[in-house]
Amino acid sequence: MTTDTTTTTTTARTAPARALRRLGAGGPVYALLVILLAALAITDAGFFEPDSFLAFVKRAAPLVILAAGQYLVIVSGGFDLSVGAVVTAGVVAGAELYGSYPEAPWLLVTVGLVMAGAVVGVANGLITTRLGVPSFITTLGMMLILEGAVFYWTGGSPQGVLPASFREFGRGSAGGWLPWAVPACVVVGAAAVWLMRSDFGRTLLATGDNDRAAHLAGVRVPRVRTLAFVLSGAAAALAAVLIAGFSGVSAQAGRGLEFEAITAVVLGGVLLGGGRGSVVAAMAGAFSLQALFTLLNLQGVSGALESTVQGVIVIAAVGLGATGRPGLSRLRRHRSQPSGGTTS
């Protein structure tokens, strides 16, 4: 009897621990998301009404998709600063294309834009892995190239009108009630989870953790990292289709989204430098960031503070992540020792 009681008590105590382990480093962002949604419900009594809540998900969807793509690059040990420019270029290219070919099928245009985003990812990946240019510099340069090309192409004022068939994906609903952005998020999320549970996901994490060890273990590091950039570019182009749908044509459509995506990823507990993190937590970080912005807006806080909030989140998240890295901890202990190198 005593043994059975002890076993039951031990099981009861370890159950929460197992649940926390399953949440992993993403546990805090899930808790934050719940808190923010509760605060929104208190601030706006109608927030959880179906139409209102689905509208919130529709606004968050592009950032969620961008965060999923950005996660793949960051967890492999890189950055992708070009995704915002890919969004802008995708919106403008779609409008210009329809200006010349107004009868073009929306599905064909969407597939073309996604493929073009993937091509940008190929360029980013090859320059980073084959030429040895740091991903931060590579994608920053690509961002400037795309922004300059869009400005030169449009003169700062994009022409063309996106037809209703193309905009349906971003602002329309399936069955008259479910925004297309919702199943888009579900499909992207499911694909990302499946990908990270596959052999590719494991090699991606191994590459971000220690690319030299991964190479010695037989991982084709350049190929893995390039594919991460390709998927990030394709995700950015898909986000462009959603944004074009509900926001229309603008030469500023994607400005700042690259930093929002990075903020969402680090908010989700993903380690900058690679090797650790959950794609579901990264997507939850995007929802949390959108919920925070919505709450600030409902409270009448200036939208200009959004950048300040993002900066605080990035610094805090990276700082907290750094304190848990063994290498940094050993370095701190080494630096704290006397010059003789021994302690009593």
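Above this text sits the structure in question.
Definitions and limits used
Residues numbered from 1 in each chain as written. Predicted model: local features only at pLDDT ≥ 70, side-chain atom pairs only at ≥ 80, totals over all residues. Heavy atoms only, no water. Helix = DSSP H or I, 4+ residues; strand = E, 2+ residues; numbered from the N terminus. Expected span 1.5 Å × (residues − 1). Bend = angle between axes of the 7 residues up to and from the residue. Buried < 20%, exposed > 50% of the residue type's maximum accessible area, 1.4 Å probe, protein only. Core = buried A, V, L, I, M, F, W, Y, C linked by side-chain atoms within 4.5 Å. Contact = heavy atoms within 4.5 Å. Axes fitted to C-alpha atoms, helices over the stretch in contact; angles between N-to-C directions. Left-handed = near helix turned anticlockwise from the far one by under 90°. Nonpolar A, V, L, I, M, F, W, Y, C, P; charged D, E, K, R; others polar. Patch = residues over 30% accessible without salt bridge, like charges linked within 9 Å, V, L, I, M, F, W, Y side chains within 5 Å. Areas by Shrake-Rupley, 256 points an atom, 1.4 Å probe, with all protein chains shown as cover. Salt bridge = Lys/Arg side-chain N within 4 Å of Asp/Glu carboxyl O. Phe/Tyr/Trp six-rings, centres within 6.5 Å; stacked < 30°, edge-to-face > 60°.

A. Inspection of helix 3 (residues 50-75) at higher detail. Across its 26 residues, helix 3 extends 35 Å between first and last C-alpha, which sits within 8% of the 38 Å expected from 1.5 Å per residue. Approximately 40 degrees is the largest bend angle found in helix 3, and it occurs at alanine 60, with the proline proline 62 only one to four residues beyond. Here helix 3 lies mainly inside the structure; 19 of its 26 residues are buried. Backbone geometry just after helix 3 places glycine 77 at a positive phi near 105 degrees.

B. Representation of the nonpolar core. Ranked by internal contacts, the top residues of the largest apolar core, which has 74 residues, are Leu66, Tyr71, Val87, Phe166 and Leu204. Leaving out residues up to four positions away in the same chain, valine 87 has contacts with Leu66, Ala236, Ala239, Ala240, Ile243, Ala253, Gly254 and Leu257. With eleven residues, the next largest nonpolar core counts Leu33, Val57, Ala291 and Leu295 among its residues.

C. Up close: the packing of helix 12 (residues 257-267) against helix 13 (residues 279-298). The contact between helix 12 and helix 13 brings their axes to 7 Å, and the two run at 115 degrees. In this structure, helix 12 meets helix 13 at a crossing whose hand is right-handed. Contact residues: Glu260, Thr263, Ala264, Val265 and Leu267 in helix 12; Ala282, Gly285, Ala286, Ser288, Leu289 and Phe293 in helix 13. Tallied by class, residues from the contact of helix 12 with helix 13 come to seven nonpolar, three polar and one charged.

D. Expanded view of the environment of alanine 41. Relative to the helices and strands, alanine 41 is located in helix 2 (residues 27-43). Classification of alanine 41 by relative accessible area gives partly exposed; the value is 28%. In this structure the C-alpha to C-alpha distance between alanine 41 and leucine 295, which are 254 residues apart in sequence, comes to 9.7 Å. Excluding residues that lie within four positions of it along the chain, alanine 41 makes contacts with Phe47 and Phe48.

E. Structural context of a nonpolar patch on the surface. Together, Trp106, Leu107, Val111 and Met115 make up a nonpolar patch on the protein surface, roughly 400 Å² of accessible area in all. Assignment of secondary structure puts leucine 107 in helix 5 (residues 106-130).

F. The packing of aromatic side chains, seen in detail. The tally for this structure, following the rule as stated, stands at eight aromatic pairs. Ring centres 5.8 Å apart and planes at 90 degrees place the aromatic pair phenylalanine 47 and phenylalanine 53 in the edge-to-face group. Taken together, a centroid distance of 6.2 Å and an interplanar angle of 90 degrees make the contact between phenylalanine 79 and phenylalanine 136 edge-to-face. With phenylalanine 79 in the loop between helix 3 and helix 4 (83-100) and phenylalanine 136 in helix 6 (residues 135-154), this pair connects stretches of sequence that are 57 residues apart. Phenylalanine 79 sits in the partly exposed class, given a relative accessible area of 24%. A residue is classified by how much of its surface remains accessible, and phenylalanine 136, at 42% relative accessible area, is partly exposed. Each member of the aromatic cluster is reached from another via a ring pair, and the members are Phe47, Phe48, Phe53, Phe56 and Phe287.

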